[in-house]
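# Fold and contact review
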Amino acid sequence: MDFDLPPDDDPRRLDVRAWFQAHPKPTYRQMCEAGYVVAHWPRPWGLAADAELQLIVDEEMARAGVLPPNLVNPVAINNCALTLLTFGTEAQRERFLMPALACEEIWCMLFSEPAGGSDLAALRTTARRDGDHYVVKGQKIWTSLAHKSQIGVLIARTDVSAPKHAGLSAFLMDMKSPGVTVRPIIDLSGHENEYNEVFLDEVRIPADRLIGREGEGWKIATSQLQTERVALSKPGAIWGSGPSARDLVKGLAEAGHLSDPVMRDEAAKIFIEGELLRLLAYRALSDRMNAKPSGPEGAIRKMLSAPHGQHIVVMAKATQGPRGMIAGEQPFPSQVSSGKGMFANWDYAFWFSPAVTLGVGTQEILKNIVAERTLGLPREPDPTAKLPWSEIQRAKSA
């Protein structure tokens, strides 16, 4: 079956290609004004693109050698900014959307907390109303890009007497506000490129930065965690970025490792994993093109892709032997990575890879989602779900 669609002479493809030829080094603002940053969004922000046109834009952007904007400002473009179209005010859309889509203001998500584990609704950060401001106090952790962000999407508790899911609210917070302290977390790679802990000490947020209404934070948070981008093939090892299984096989062949039958067999298994994930992505694309409701493939693909990415980089590192312990050493004579961004580096991708089964939803949580919402198995009981949050905290203190 041929999955290279739409064809090279598709009029829509020719139009997009002509634009990139006329703008050989486009800024993200130029791309945003053309509708290419979020082509699937409604106008004027995007092109109201269907799945095929979104695929065309992505492919022509790659052909032009442009780093996808969703890799530069992933939290805004992949997760959070779209919710302003549903829950935000017109003033919020006018103030925040264009700088976010143009990658002029980087966003982060202030969600996870040290004491919450995988239960986002257990968060303790509070936001109390004080005139025309909210005053925020608490701590967040594992906040990607907080060290370079201008805007933070904050989930905080505005009603301590309500059940834990009902008392949450969402805010747009200036990361340079007094009382905000960001401390990088140095990960296994030895870099400070990703995670941070954030301390919020009496931070004042204007009341007009509340997204939606008080108490809608849980609904907004869950909508933000469900990316609205078209489910296209993302073969990279690290959340769709960086080297792919095809890159791995190309590198192994280049280095002469495929002459080893054991290594060749393992490489074949990883390659098959990658192709299965790619076909699942195209199934989702087909559903979109035929106006069919989304099936379970999205959750299943997300659950499978994280360990698959680890398999790719672990095998590449294993070919290096003791040389692999030297910082910056690459496994193959050439980089042979079709990925873009910082994860295109094989060595960095390997040292970062343990995070992919933890971040963006742990494997355990994803398995619960698939079990409960796809397979219809009984839901895991939560005796605290309907209790007032303040009562839960008193019980813990006692």
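Criteria and cut-off values
Residues numbered from 1 in each chain as written. Predicted model: local features only at pLDDT ≥ 70, side-chain atom pairs only at ≥ 80, totals over all residues. Heavy atoms only, no water. Axes fitted to C-alpha atoms, helices over the stretch in contact; angles between N-to-C directions. Helix = DSSP H or I, 4+ residues; strand = E, 2+ residues; numbered from the N terminus. Left-handed = near helix turned anticlockwise from the far one by under 90°. Contact = heavy atoms within 4.5 Å. Nonpolar A, V, L, I, M, F, W, Y, C, P; charged D, E, K, R; others polar. Expected span 1.5 Å × (residues − 1). Buried < 20%, exposed > 50% of the residue type's maximum accessible area, 1.4 Å probe, protein only. Pairing = 2+ DSSP bridges. Phe/Tyr/Trp six-rings, centres within 6.5 Å; stacked < 30°, edge-to-face > 60°. Lys NZ or Arg CZ within 6 Å of the ring centre and 35° of its normal. Core = buried A, V, L, I, M, F, W, Y, C linked by side-chain atoms within 4.5 Å. Salt bridge = Lys/Arg side-chain N within 4 Å of Asp/Glu carboxyl O.

### Remarks on the packing of helix H1 (residues 11-22) against helix H3 (residues 51-63)
Two numbers describe how H1 lies on H3: the axes approach to 9 Å, and their chain directions differ by 35°. Like other packed secondary-structure pairs, H1 and H3 cross with a definite hand, here right-handed. Residue-level contacts link Arg12, Arg13, Val16, Arg17 and Phe20 of H1 to Glu52, Leu53, Ile56, Val57, Glu59, Glu60, Met61 and Arg63 of H3. For the contact of H1 with H3, the per-class residue count stands at 6 nonpolar, no polar and 7 charged.

### What to know about H3
Look at H3: 18 Å from first C-alpha to last across 13 residues, which is about the 18 Å you get at 1.5 Å a residue. Of the residues one or two after H3, Gly65 is the one with positive phi, at around 75°.

### Overview of the pairing of strand E4 (residues 151-157)
The buried fraction of E4 is high, at 7 of 7 residues. Burial along E4 is two-sided: Ile151, Val153, Ile155 and Arg157 facing one way and Gly152, Leu154 and Ala156 facing the other are all buried. Here 4 bridges tie strand E1 (residues 107-110) to E4, and the two strands are oriented parallel to one another. Following the sheet pairing, Trp107 is matched in E4 by Ile151. Pairing geometry for E4 and strand E5 (residues 168-174), over 7 bridges, is antiparallel.

### Remarks on the packing of aromatic side chains
Taken as a whole, this structure holds 11 aromatic pairs when the rule is applied. Centre to centre, the rings of Tyr348 and Phe352 are 6.1 Å apart; their planes meet at 25°, and the pair counts as stacked. Of this pair, Tyr348 and Phe352 are both found in helix H12 (residues 346-352), 4 residues apart, which corresponds to roughly one turn of the helix. Taking the centre distance of 4.9 Å and the plane angle of 80° together, the rings of Phe350 and Trp351 count as edge-to-face. Its relative accessible area of 18% is what places Phe350 among the buried residues. Linked through ring pairs, Trp142, Tyr195, Phe343, Tyr348 and Phe352 together constitute an aromatic cluster. Lying across the ring of Phe96, Arg95 places its NZ or CZ 4.5 Å from the centre.

### Section: unusual backbone geometry
Look at the link from Arg43 to Pro44: it is a cis peptide, with omega at 10°. For Pro44, the position within the fold is in the loop between helix H2 (28-34) and H3. In the Ramachandran plot, Glu202 falls in the positive-phi region, its phi being about 55° despite a non-glycine side chain. Relative to the helices and strands, Glu202 resides in strand E7 (residues 196-206).

### Describing the nonpolar core
By size, the foremost hydrophobic cluster in this structure holds 46 residues, and its most contacted members are Phe20, Met31, Trp41, Leu101, Trp107, Leu172 and Ile211. What Met31 contacts, discounting residues up to four positions off in sequence, is Trp19, Phe20, Pro26, Tyr36, Val37, Met61, Val66 and Pro69. One finds Ile141, Leu248, Phe350 and Ala355 within the second-largest nonpolar core, a separate group that totals 26 residues.

### Details of the pattern of salt bridges
Counted by the stated rule, this structure contains 25 salt bridges. A salt bridge links Arg13 to Glu59; the nearest nitrogen and oxygen atoms lie 2.8 Å apart. Note that Arg13 is positioned in helix H1 and Glu59 in helix H3, a separation of 46 residues in sequence. Judged by its relative accessible area of 4%, Arg13 is buried. Given the relative accessible area of 29%, Glu59 is considered partly exposed. For the salt bridge of Glu104 with Arg29, the shortest nitrogen-to-oxygen distance reads 2.7 Å. Of the two residues, Glu104 is situated in the loop between helix H7 (90-101) and E1 and Arg29 in helix H2; the sequence distance between them amounts to 75 residues. You can call Glu104 partly exposed: its relative accessible area is 42%. One connected set of salt bridges, linked through shared partners, spans Asp8, Arg13, Arg17, Glu59, Glu60 and Arg63.

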